[in-house]
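# Inside the fold
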Amino acid sequence: MKKKFLSLILGAAMTASMMVAPAMAAEAPIDLTGVDVENAKVGISIYKFDDNFMTLYRTELVRYLTEDLGFKEENITVTDGKNDQAEQTNQINNFITAGVDVMILNLVQSSSAPQVTDLCNEAGIPVVYINRQPEEAESDRWESEGIKATYVGADARQSGTFQGEEILETANGGDINGDGKVSYIMVQGDPENVDAQYRTEFSVKALTDAGVEVEELLLQRGDWDQAKGQQIVQDALTQFGEQIEVVFCNNDAMALGALQSIQAAGRVVNEDIYLVGVDALTDALQNIQDGNMTGTVFNDHISQAQTAVNMAVNYLKGEEVAPINMVDYVKATSENAGDILALLQ
Ligand code: BGC
């Protein structure tokens, strides 16, 4: 099945009518003239395979390369960085030895981008970074020094803002107990990752920008992990009980863990507590439809994967590539969760 750029479809449709267009004219496939599709070798490394969101992302990378563009499966190598930068750097060195034509890299530590970029650049291999954005000084350097490196991602400030807006849009704007302030806990992803930093900051900023008083009861890192999310929220519910009005989670995996603890504690989402995540995992969308989650934000892995591959193809064609390529997030609430689910299936 050919997957389209969902954020474009959803974004355009939602501004028009809050409805999702039933079908869209097919995207023109990227022009492959000048690319040796039969023989081109692509090296892909994911920070760790055991991550729900990155699993969807890597599946789409390979599907789009092979099914839509006709690259040969045997020429695509996907490795598991196992959340270990030294291990991943070894894999990158092996890609160089194997003579891949281009790499798509989801770094374990975005701070290792300068070193990795130099390795690839010296070997003459272009690199497309995904999901974990290197520092601005690094992407500025690619541009000023004409290095063949680029980043494809989504601006996490937008996803944080959307989370905050989803709370503001509830019946009582998040102030369930009517004491004039919104008391929340924040379950954070890996704080080395700007997605975690920005979502944490901008979700709350959306409330304060709207003039709402907030109280942070707890901020704790859950490293994007469902089991950690569950434990953090279980402990927080024991410690703060009814005081907690909002649970912000930097991603859906942790929000699904949070939901298990919320239900185990006998609390009821959208009645006595609100819960928001990011990603739009299928389970999260279903829980939103069933009223068990307040909202999420669609982190469009399909558009991101296709853009990353398109940038790799542009390098193979010898074209210039802009240093930063961003894809939009889409707010996902009970109004459109079903539509997004339908598009993802
Ligand atoms: C996603 C998380 C994922 C992380 C990995 C984020 O953009 O929202 O679910 O764990 O990327 O780096």
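So, how was this worked out
- Residues numbered from 1 in each chain as written.
- Predicted model: local features only at pLDDT ≥ 70, side-chain atom pairs only at ≥ 80, totals over all residues.
- Heavy atoms only, no water.
- Helix = DSSP H or I, 4+ residues; strand = E, 2+ residues; numbered from the N terminus.
- Rg over C-alpha atoms; globule rule 2.2 N^0.38 Å.
- Buried < 20%, exposed > 50% of the residue type's maximum accessible area, 1.4 Å probe, protein only.
- Lys, Arg positive; Asp, Glu negative; His and termini not counted.
- Charge placed at Lys NZ, Arg CZ, Asp CG, Glu CD.
- pLDDT = per-residue confidence, 0-100.
- Contact = heavy atoms within 4.5 Å.
- Core = buried A, V, L, I, M, F, W, Y, C linked by side-chain atoms within 4.5 Å.
- Domains from an automatic or database assignment.
- Near = heavy atom within 4 Å.
- Polar contact = N/O pair within 3.5 Å; in protein donor to acceptor, adjacent residues only side chain to side chain.
- Areas by Shrake-Rupley, 256 points an atom, 1.4 Å probe, with all protein chains shown as cover.
- Nonpolar A, V, L, I, M, F, W, Y, C, P; charged D, E, K, R; others polar.
- Buried area = accessible area lost by both parts, 1.4 Å probe.
- Salt bridge = Lys/Arg side-chain N within 4 Å of Asp/Glu carboxyl O.

Right, let's get into the overall build of the protein. Assigned secondary structure in the protein consists of twelve helices and twelve strands. Radius of gyration (C-alpha) of the protein: 21 Å, near the 20 Å computed for a compact globule of 345 residues. Burial status across the protein gives 54% buried among its 345 residues. One way to put it: in the protein the 21 positive side-chain charges average out to a point 5 Å from where the 54 negative ones average out.

Let us look at unusual backbone geometry. At K82, a position not held by glycine, the phi torsion is positive, near 50°. Looking at the element boundaries, K82 is found in the loop between β2 (76–80) and α3 (85–98). Positive phi outside glycine occurs at D279, with the angle close to 130°. With respect to the helices and strands, the residue D279 is situated in the loop between β9 (274–276) and α10 (282–289).

Per-residue confidence for the protein averages 93 on the pLDDT scale, and 92% of its residues sit at or above 70. Low pLDDT (under 50) marks residues 11–26, which in the prediction has 19 contacts with non-local residues, meaning those over four places away or in another chain.

A separate point is the nonpolar core. L61, F71, I130, V247 and L275 are the most contacted members of the largest nonpolar core, which has 68 residues in total. The element best represented in this core is helix α11 (residues 301–316), accounting for eight residues. No fewer than three residues from each of domain 1 (42–154 + 300–327) and domain 2 (156–298) sit in this core. Ranked by size, the runner-up nonpolar core spans 16 residues in total, among them M103, L107, V127 and I147.

Quick look at the site of the ligand now. Close to the ligand lie Y47, D51, F53, N131, R132, N193, D195, R199, W224, N251, D279 and N299, which account for all nearby residues. D195 is positioned with one of its side-chain polar atoms (N or O) 2.6 Å from an oxygen atom of the ligand. Between D279 and the ligand, the recorded distance is 2.6 Å, taken from a side-chain N or O atom to an oxygen atom. Compared with its free state, where it exposes 320 Å², the ligand has 99% of that area covered by protein. Residue classes in the shell around the ligand are distributed as three nonpolar, four polar and five charged.

Before going further, it helps to spend a moment on the domain arrangement of the protein. Taken domain by domain, the protein holds domain 1 (42–154 + 300–327) and domain 2 (156–298). One C-alpha centre belongs to domain 1, the other to domain 2; they are set 31 Å apart. Taken together, the 15 residues of domain 1 in the interface contact eleven residues of domain 2. Buried surface at the junction of domain 1 and domain 2, summed over both partners, amounts to about 1100 Å²; 41% is from carbon and sulfur atoms. For the domain 1 face of the interface with domain 2, the top three residues by lost area are N52, R132 and D300, together amounting to 35%. Here domain 1 is connected to domain 2 by zero salt bridges. The interface formed by domain 1 and domain 2 contains three residue pairs in polar contact (both at pLDDT 80 or more). If you tally residues by element for the side of domain 1 that touches domain 2, the top one is helix α2 (residues 52–68), at three residues. Grouping the amino acids of the side of domain 1 that touches domain 2 by side-chain chemistry returns five nonpolar, seven polar and three charged.

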